[in-house]
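# Inside the fold
In case you want the letters, here they are:
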Amino acid sequence: MEANIEPDDFAPRLIAWQRTHGRHELPWQRSRDPYRVWLSEIMLQQTQVSTVIPYYLKFLARFPHVHALAAAAADDVMALWSGLGYYTRARNLHRCAQVVVQQYGGAFPQTVEQLAALPGIGRSTAAAIAAFSFGVRSPILDGNVKRVLARIFGIDGFPGDKRVETAMWALAESLLPAADDASNDASDDVRQREGAPVEPIVAYTQGLMDLGATLCVRSRPDCGRCPFAHACVANLTGRQRELPAARPRKAVPTRRTMMLVLRSADQVLLEKRPPLGIWGGLWSLPEAPDVDGLAARAAQLSGAPVVLAPLAPLAHTFTHFRLEIEPRLAQLVDEPRAAARDAHTAWVRLDAIGDYGLPAPVRKLLDALDGTLL
Ligand code: SF4
C-alpha cells in the first residue's frame, strides 16, 4: 500500500499543522543566533526537550557566546554537562566551539556541508542548524523523522540499514517545501516571531520535529490528531507498532577472561581498572587471557610460584557482548608482599569489600568466598 498523499501536498499540510499546533515557545526558538540553535540541536540529540531546557539555559548563562565556550576549561564544560549523558557530545561541543572561533572567527558557517564538517554535527543536525539560523532549504532525517516517514509512507526495513536510509534521504529531499516557498518572503499567512518572519522551511523543519515528538511517538502514536491520519500507511493498515522496523537482533558475541583470586588469610588482592573501557575506574580482580598468563601474574604479585585452583565459572551480559569468567584461586601462605600495595592494587579483607566499587560479578564471586575457606 502507498501513502495516500502527493509529495507536493506534504509540506503545505505539515506547515499548516505546525503553525497551528506545533511548538513555538521553546527557549531556543526565540533566536536565530546560530550559536544558540547549534547548542540546542546538539543537546537535543538523544535527549528529550524537557531534560534539555534547564541545561540549555545553564550553558547560555555561563557561556553566552561561542567565544566564551571555546575559551572554557574542558573540566568546566564537562561539569556543566554532567547528568545530560552521552559525554562525547560535550567533548565535541567544546571542540566545535574552538574550531568555529579558530577557523571562522566565531561566526558559524552557513552551508550544510561546512556545518557537517564540524565536530559532532552530522548531516541532519547541520541541515537543522542551517534551516533555523539561515533559512537554508535542506532535509533533516533524525530518528524521529525516520519514524514519521516510515509510518506515513509504509517504508519497511530497519532505518539504520544503509539501503533504507539512502531511500529515506531521497524521500526527505523530495518532500521539502518548494524552493519559492522557502524564501524569506513574509507573506500574510506567515506567522511572525518576535517581529521576524518564520520562513516555510523553518516551520516545515520544526513541524517534522514536532510531529515526531508530540504525536507520532514511538509507542501509542496519537493518530486521531495527526494531519496525515487520512494518508498514513501505518494508520490505515494498523501497522504503527511494526513501523519503523526494529534493529535486527544480532547474536551477542562472547568474550572470555580468567580472573585471579589471590588470597592471604582473610584478605584478597584487588586491582583498580583503567578509567576507560568496561568497568572503568572500578576495583576488580587481576586478569589474564589464559592459565599460563594468570599463573605468571600470580607469581609476580605474590613473589613466589603459586598453585591455581579452579573456582566455579560465572558469566555477565553486557549490551554488546557476554563475558564468561573463569576464576582461579591462589592461596598464599606468607604475608602478602608490601610491593603489591599501591594506588592500583589493594589487599582488602573479604568482609570489607563492600567499601569498594566492584563490578557485580566480581562482588558475587568474592561474596561466595567470604567465610568458605581457611
Ligand atoms: S497517523 Fe499516526 S502513525 Fe501516521 S504519522 Fe500520524 S501519528 Fe504517526
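Refer to the structure printed above.
Below you will find a few notes about this structure. Remember, predicted model here, so these are calculated numbers, not experimental data. Positions within a chain are numbered from 1, following the residues in the order the chain's sequence is written. Residues qualify for local features only when their pLDDT is at least 70, as the model is predicted, and side-chain atom pairs are given and counted only at 80 or more; totals for whole chains, interfaces and linings, by contrast, use all residues. For the side-chain quantities, the full set of heavy atoms in the structure was used; hydrogens and water were omitted.

## Re the overall build of the protein
Each helix and strand counted, the protein has 14 helices and 10 strands in total. Against the compact-globule benchmark of 21 Å for 374 residues, the protein has a radius of gyration of 28 Å, which places it well outside the compact range. Projected onto its principal axes, the C-alpha positions of the protein cover 90 × 50 × 30 Å. Counting only contacts in the protein whose residues sit at least 6 apart along the sequence, the fraction spanning at least 24 positions is 65%. Carbon together with sulfur atoms contributes 51% to the accessible area of the protein, which is approximately 19100 Å² in total. Only four residue types enter the charge count, namely Lys and Arg as positive and Asp and Glu as negative; His and the chain termini do not. Just so you know, the charge point we use is NZ for Lys, CZ for Arg, CG for Asp and CD for Glu. With 41 positive and 39 negative side-chain charges, the protein shows a separation of 3 Å between the mean positions of the two kinds. Secondary structure follows DSSP: runs of H or I at least 4 residues long count as helices, runs of E at least 2 residues long count as strands, and numbering of each begins at the N terminus. Our radius of gyration looks at C-alpha atoms and nothing else; its globule reference is 2.2 Å times the residue count to the power 0.38. Any pair of residues with heavy atoms lying within 4.5 Å of one another is described as a contacting pair. Per-residue accessibility takes into account occlusion by the displayed protein chains alone, with areas from the Shrake-Rupley method and a 1.4 Å probe.

## Focus on the packing of aromatic side chains
In summary, the pairing rule links any two rings of Phe, Tyr or Trp, Trp by its six-membered ring, whose centres are within 6.5 Å, and it sorts them by plane angle into stacked for under 30 degrees, edge-to-face for over 60 and tilted for everything else. A complete count under the given rule lists 10 aromatic pairs for this structure. Ring centres 6.4 Å apart and planes at 70 degrees place the aromatic pair Phe 10 and Tyr 204 in the edge-to-face group. Pair noted here: Phe 10 is in helix H1 (residues 7-21) and Tyr 204 is in helix H11 (residues 200-215), with a separation of 194 residues, a long-range link. Note on accessibility: Phe 10 and Tyr 204 belong to one class, buried. Through a chain of ring-to-ring contacts, three or more aromatic side chains come together here, namely Phe 10, Phe 153, Tyr 204 and Phe 228. Its guanidinium or amino end placed over the ring of Trp 169, Arg 123 lies 3.5 Å from that ring's centre, counting from NZ or CZ. Directly above the ring of Phe 321 sits Arg 255, whose terminal nitrogen or CZ lies 3.7 Å from the centroid. The cut-offs for exposure are 20% and 50% of the maximum accessible area for each residue type, with area from a 1.4 Å probe on protein chains only; residues under the lower value are buried, those over the upper are exposed, and the others partly exposed. We count a charge as sitting over a ring when the NZ of a lysine or the CZ of an arginine lies within 6 Å of the ring centre and within 35 degrees of the ring normal.

## With respect to the nonpolar core
Within soluble globular proteins, side chains that are nonpolar generally end up buried alongside one another. Residues belong to one nonpolar core when they are buried, are Ala, Val, Leu, Ile, Met, Phe, Trp, Tyr or Cys, and are joined through side-chain atoms within 4.5 Å. In terms of nonpolar packing, the biggest core is built from 81 residues, with Phe 10, Trp 38, Phe 59, Phe 153 and Tyr 204 touching the most fellow members. The element contributing the most residues to this core is H11, with 8 residues. Ignoring sequence-local partners within four residues, the contact set of Trp 38 consists of Leu 69, Leu 93, Cys 96, Ala 97, Phe 108, Ile 121 and Ile 129.

## Things to note about the side chain of Gln 240
Its location among the elements puts Gln 240 in the loop between helix H12 (233-237) and strand E3 (254-264). Taking the relative accessible area as the measure of exposure, Gln 240 reaches 17% and is therefore buried. Throughout this description, a polar contact denotes any pair of N or O atoms lying within 3.5 Å of each other; where both atoms belong to protein, one of them has to be capable of donating a hydrogen while the other can accept it, and for residues adjacent in sequence the pair is counted only when both atoms sit in side chains. Among the polar contacts listed, one links the side chain of Gln 240 to the side chain of Asn 235, at a separation of 3.3 Å. Apart from residues no more than four positions distant in its own chain, Gln 240 is found in contact with Arg 151, Pro 221, Cys 223, Ala 234 and Asn 235.

## Considering the pairing of strand E10 (residues 345-349)
Of all 5 residues in E10, 4 are buried, a share of seventy percent or more. For two strands to be treated as a pair, DSSP must find at least two bridges joining them. Here 5 bridges tie strand E4 (residues 267-272) to E10, and the two strands are oriented antiparallel to one another. Looking at the pairing, Gln 267 lines up with Arg 349 of E10.

## Examining empty space enclosed by the protein
Rolling a probe over the atoms, with the probe sized like a water molecule, indicates the empty space that remains. Points on a 1 Å grid, built from protein atoms alone, make a cavity when a 1.4 Å probe fits but cannot get out and make a pocket when they are open with protein on both sides within 12 Å along at least 5 of 7 lines; residues with an atom within 4 Å of a point are the lining residues. Grid points are joined across faces, edges and corners, and a volume is the space filled by probe spheres set on the points. Summed over the entire model, instances satisfying the criterion amount to 1 cavity of 30 Å³ or more. Contributing to the lining of the largest cavity are 15 residues, with Arg 151, Cys 216, Cys 223, Cys 226 and Cys 232 lying nearest its centre. Counting only elements with at least two residues in the lining of the largest cavity, the list comes to helix H9 (143-152) and H11. Per-element tally for the lining of the largest cavity: the top contributor is H9, with 3 residues. In this classification, the charged set is Asp, Glu, Lys and Arg, the nonpolar set is Ala, Val, Leu, Ile, Met, Phe, Trp, Tyr, Cys and Pro, and all remaining amino acids, among them Gly, are polar. Among the residues forming the lining of the largest cavity, the class breakdown is 11 nonpolar, 2 polar and 2 charged.

## Structural notes on the side chain of Ser 133
With respect to the helices and strands, Ser 133 occurs in helix H8 (residues 123-134). By relative accessible area, which is 9% here, Ser 133 ends up buried. The residues touching Ser 133, leaving out its near neighbours within four places in the chain, are Arg 32, Asp 33, Pro 34 and Val 37.

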